[in-house]
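Fold and contact review
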Amino acid sequence: MAAPTTGTASVSEMATAIRALAMDAVEKAKSGHPGMPMGMADVATVLFREHLKFDPLAPEWPDRDRFVLSAGHGSMLLYSLLYLTGYPGMTIEQLKAFRQLGSMTAGHPEFGHAPGIETTTGPLGQGLANAVGMALAERLLNARLGDGLVDHHTYCLAGDGCLMEGISHEAISMAGHMRLGKLVVLFDDNSISIDGATSLSVSDDQCARFAASGWNTMRVDGHDADAVSAAILKAKSDASKPWLIACKTVIGFGAPNKAGKSSTHGEPLGAEEVKGTREKLGWPHAAFEIPANVQAAWRGTAARGQAEHKAWTARFAEAGESAKATLAAHAGSGLAPVVEDALVKAKLAFAADTSKRATRVWSQMALEHVVPVMPELIGGSADLTPSNGTRTKHHAAVAPGSFAGNYIHYGVREHGMAAAMNGLALHGGIVPYGATFLVFTDYCRPSIRLSALMKQRVVYVMTHDSIGLGEDGPTHQPVEHLAALRAIPNLLVLRPADAIETAECWHIALGASDRPTVMALTRQAVPTMLRAEVSSANVSAKGGYVVKEAAGKRGVTLIATGSEVGLAADAAALLANDGIVAAVVSMPSFELFRAQSADYRDSVLGHQPRVAIEAAVAQGWHEWMRPGDAFVGLSDFGASAPAGELFKHFGVTAERVADVARGLCAKRA
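Okay, so let's go over this structure. Because the structure is a prediction, the values reported are computed rather than measured.

What follows concerns the overall build of the chain. Tallying secondary structure elements over the chain gives 26 helices and 22 strands in all. Against the 2.2 N^0.38 benchmark of 26 Å for 669 residues, the chain shows a C-alpha radius of gyration of 28 Å, consistent with a compact globule. Within the chain, residue pairs in contact and separated by at least 24 positions form 78% of the contacts whose partners lie at least 6 positions apart. Here the chain displays about 23900 Å² of accessible surface, and carbon together with sulfur accounts for 53% of that area. In the chain, 59 side chains carry a positive charge and 66 a negative one; their mean positions are 3 Å apart.

Right, let's get into the sheet that holds strand S2 (residues 66-69). Each strand in a sheet pairs with its neighbour through backbone hydrogen bonds, running either in the same direction (parallel) or in the opposite one (antiparallel). Spatial strand order, S2-S3-S4-S8-S7: 5 strands in an open sheet with parallel pairing. Both edges of this open sheet fall to S2 and strand S7 (216-221), since each of them pairs with a single strand only. Each adjacent strand pair in this sheet contributes to an overall mean axis angle of 20°, direction not counted. Inspection of the sheet shows S2 paired to strand S3 (residues 154-159) by 4 bridges, in the parallel sense. Note on S3: the bridge partner recorded for Val68 is Cys156.

Here the focus is the environment of His476. Here His476 lies in the loop between strand S14 (459-463) and helix H20 (481-486). Separated by 38 residues in the primary sequence, His476 and Leu438 have C-alpha atoms spaced 8.3 Å apart. At 2.9 Å, the side chain of His476 forms a polar contact with the side chain of Thr475.

Attention now goes to the pattern of salt bridges. On inspection of all chains with the given rule, the structure shows 23 salt bridges. Two residues, Glu138 and Arg139, come together in a salt bridge whose shortest N-O distance is 2.6 Å. In terms of burial, Glu138 and Arg139 fall into one category: buried. For the salt bridge of Arg486 with Glu614, the shortest nitrogen-to-oxygen distance reads 2.9 Å. Highlighted residues: Arg486 in helix H20 and Glu614 in the loop between strand S21 (610-613) and strand S22 (630-632), separated in sequence by 128 residues.

Glancing now at a negative patch on the surface. On the surface, Glu50, Asp221, Asp224 and Asp226 cluster together to form a negatively charged patch. Relative to the assigned elements, Glu50 resides in helix H3 (residues 41-51).

So, about the packing of aromatic side chains. Each aromatic ring pair is described using two quantities: the centre-to-centre distance and the angle formed by the ring planes. Scanning the model with the defined rule gives 16 aromatic pairs in all. With centroids separated by 4.8 Å and ring planes inclined at 85°, the aromatic side chains of Phe210 and Trp215 adopt a geometry described as edge-to-face. By the burial criterion, Phe210 is buried, and Trp215 matches it. Between Phe590 and Trp624, the ring centres sit 5.8 Å apart and the planes meet at 85°, which makes this aromatic pair edge-to-face.

Moving on: the packing of helix H6 (residues 126-145) against helix H18 (residues 414-427). Working note: a packed helix pair is described by the angle between its axes plus the distance between those axes. Packing of H6 against H18 leaves a shortest axis separation of 6 Å and a crossing angle of 55°. On the basis of their axis angle, the class for H6 and H18 is oblique. As H6 runs across H18, the sense of the crossing is right-handed. Here Gln126, Ala129, Asn130, Gly133, Met134, Leu136, Ala137, Glu138, Leu140 and Leu141 of H6 come into contact with H18, specifically with His415, Ala419, Ala420, Asn422, Gly423, Leu424, Leu426 and His427. Its residues assigned to classes, the contact of H6 with H18 shows 10 nonpolar, 7 polar and 1 charged.

Secondary-structure assignment places Thr517 in strand S16 (residues 517-520). Apart from residues lying up to four places away in sequence, Thr517 is in contact with Val458, Val459, Tyr460, Leu491, Leu492, Leu494, Ala509 and Ala512.

Next up on the list: the packing of helix H4 (residues 75-85) against helix H12 (residues 292-300). Here H4 crosses H12 at 90°, and the two axes come no closer than 7 Å. Comparing their axes, H12 and H4 come out roughly perpendicular. Residue-level inspection shows Leu81, Tyr83, Leu84 and Thr85 of H4 in contact with H12, the latter providing Gln295, Trp298 and Arg299. Looking at the contact of H4 with H12 residue by residue, the classes come out as 4 nonpolar, 2 polar and 1 charged.

Read across the open sheet, the 6 strands follow the order S12-S11-S13-S14-S16-S15; overall the sheet is parallel. The open sheet is flanked by strand S12 (407-409) and strand S15 (492-494), the only strands paired with a single partner. The average angle at which neighbouring strand axes cross in this sheet is 20°, direction not considered. The pairing of strand S13 (residues 431-437) with S14 spans 5 bridges and is classified as parallel. Its bridge partner being in S14, Tyr433 is matched across the sheet by Val459. Strand contacts of H18: strand S11 (377-381), S12, S13 and S14, with the helix running at about 170° to S13, the strand carrying the most contacts. In the packing of helix H19 (residues 441-454) onto the sheet, contacts are made with S13 and S14, and the angle to S14 comes to roughly 160°.

Now for the pairing of strand S19 (residues 556-560). Along S19, 5 of the 5 residues are buried, which leaves the element largely enclosed by surrounding structure. Residues of S19 alternate between two faces, with Val556, Leu558 and Ala560 on one and Thr557 and Ile559 on the opposite face, all of them buried. Relative to strand S20 (residues 582-586), S19 runs parallel, the two sharing 5 bridges. Paired with Ala560 across the two strands is Ser586, which belongs to S20. Bridge analysis of S19 against S21 gives 4 bridges, and the strand direction is parallel. Pairing of Ile559 across the sheet is with Ala612, part of S21.

This part covers the environment of Val604. When you line up the elements, Val604 lands in helix H24 (residues 598-605). Classification of Val604 as buried rests on a relative accessible area of 3%.

Summarising the element assignment, Gln295 is placed in helix H12. A residue is classified by how much of its surface remains accessible, and Gln295, at 11% relative accessible area, is buried. A polar atom in the side chain of Gln295 sits 3.1 Å from the side chain of Tyr83.

Glancing now at H6. Taking 1.5 Å of rise per residue, the 20 residues of H6 would be expected to cover 28 Å, and the 28 Å separating its terminal C-alpha atoms lies within 8% of that figure. The buried fraction of H6 amounts to 17 of the 20 residues, a majority that puts the element mostly inside the structure. Downstream of H6 by a residue or two, Gly146 has a phi angle that is positive, lying close to 90°.

Conventions and cut-offs
- Residues numbered from 1 in each chain as written.
- Predicted model: local features only at pLDDT ≥ 70, side-chain atom pairs only at ≥ 80, totals over all residues.
- Heavy atoms only, no water.
- Helix = DSSP H or I, 4+ residues; strand = E, 2+ residues; numbered from the N terminus.
- Rg over C-alpha atoms; globule rule 2.2 N^0.38 Å.
- Contact = heavy atoms within 4.5 Å.
- Areas by Shrake-Rupley, 256 points an atom, 1.4 Å probe, with all protein chains shown as cover.
- Lys, Arg positive; Asp, Glu negative; His and termini not counted.
- Charge placed at Lys NZ, Arg CZ, Asp CG, Glu CD.
- Pairing = 2+ DSSP bridges.
- Axes fitted to C-alpha atoms, helices over the stretch in contact; angles between N-to-C directions.
- Polar contact = N/O pair within 3.5 Å; in protein donor to acceptor, adjacent residues only side chain to side chain.
- Salt bridge = Lys/Arg side-chain N within 4 Å of Asp/Glu carboxyl O.
- Buried < 20%, exposed > 50% of the residue type's maximum accessible area, 1.4 Å probe, protein only.
- Patch = residues over 30% accessible without salt bridge, like charges linked within 9 Å, V, L, I, M, F, W, Y side chains within 5 Å.
- Phe/Tyr/Trp six-rings, centres within 6.5 Å; stacked < 30°, edge-to-face > 60°.
- Parallel < 35°, antiparallel > 145°, perpendicular 65-115°, else oblique.
- Left-handed = near helix turned anticlockwise from the far one by under 90°.
- Nonpolar A, V, L, I, M, F, W, Y, C, P; charged D, E, K, R; others polar.
- Expected span 1.5 Å × (residues − 1).

In short, shape yes, function no, at least from these values alone.
Structure representation (structure tokens):
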């Protein structure tokens, strides 16, 4: 609510409004982080008042500047800004409901909860790496559509913790190498961590560190509005490199007893300290009360951006249909018919090919069909392009300062790659895929989890998916990884068995507009086609299906994924010699199969004994197995040897599967 005063408001008054709302909301919630919002209020006020290009009434305007709060624990800074500037739905009641069930104002900002939240942050460093992806997306689209439609900055507010996290090194190295000059990081240099002074644990010269990675750097007094504004203006005027502006601040600025102390980081100030802060800052207003002149000044900050938005809209109206389609695309956009047709053609072409190839190769061959007809698809790999098979003859490399290409060499930066892809997807206009070995999803996992939490269409192409990779040994052989990935809610894990399923899985992944996908692909060769016939229908979209039906009354069901489906088919042939009729089920996706009706699942799995087969641990498989059913797979790490020897050594063979199936059938007889 607004107090009955009128007039203009100073930068100081506007910043004090942020400090008051932050401490009031944290106090009411009895939890939260008031220190960072109070410390960075001056910097945020200057940014929004004088520089940020935004329109609260059009929060998804494609050419808006992006503001990323990487230090997500200071979420009340962002929520206060969204309320004060007039973003839809962010009312004073939402601020009062901070950290409460069902509110827009979660403890850490969550993408999709409220307009103006550009990404989910909280795990430190993720927002910084997302911002790198957003800045890269801006350059990629600018190279395609020109300055008239795409020309904006990405601002990222990061703290000491963000810069201590290992992902920060990958992100700043990537941004510096790419010369992402429209990226500005505002570093909250307050020298305080939860444990106390940052000197307890870190002594890095952050400006020197960023400079070594190819950034421009500046240091400013974060409480000197003129100095902060001049620094941002300088960064905007020189886009040769990304910018770090180290803003020296006092955490909990204005608190009479706790300012500059770690106690302001992650707990309420307390009623007496809140009272004292109001007195020290000259803010006599009640909790959650904003004077009319201050509120009006904040609402007025949008005028500049709204004028720019109006001019942009006129240019957009004159743009070509392709440009309009690119900028109008959003996370929920489905696949264009031309892409679907390309994947069907790929599938039919594969069906006529009798060669045995690894699914990573079939994947590359599928991309040869897709890339020419899906310009928004941007590929890449973490320095494993030849092994992953992610680059096609239709790709051109994105290079430092040159963004017309459609393939990104991420370098050995798996975590940074995954987080940057989230930023690419969040920005809009781009569908990213990136690759490494499946075992290195361990390095990507925090960002994969956030892809799923934010419902972003990001495709993770993860090859060398089992002991089948052979001689590189157990350090590179994923054993527990499929189970660990399947445990992440809203993540599709696809493990195709042959060429046809690989094409179908690409169709699924690219069409999954509200969830990320992991494609688990083999190093070793698999059959071209295991099913009897192929059509335009995407059978893999069911998640599981009978790939080889029993010739007669079913006696046992063999269920497998990926390369083990062919092994199951061989086991079925062995069982047939003994008069045991086996059906072979391919289950490329637990998640999609789980979504089918119970009747469909029962018709596929049958009521006979079941043997599940996967060159991985058993966790997760018990969802499809009943007491008395059996699993053939691994229970320990792999070893270094040729793939064929490893499958024999660990008992993942057609002969072993047949023996286990015989045993189950004998018990049932």
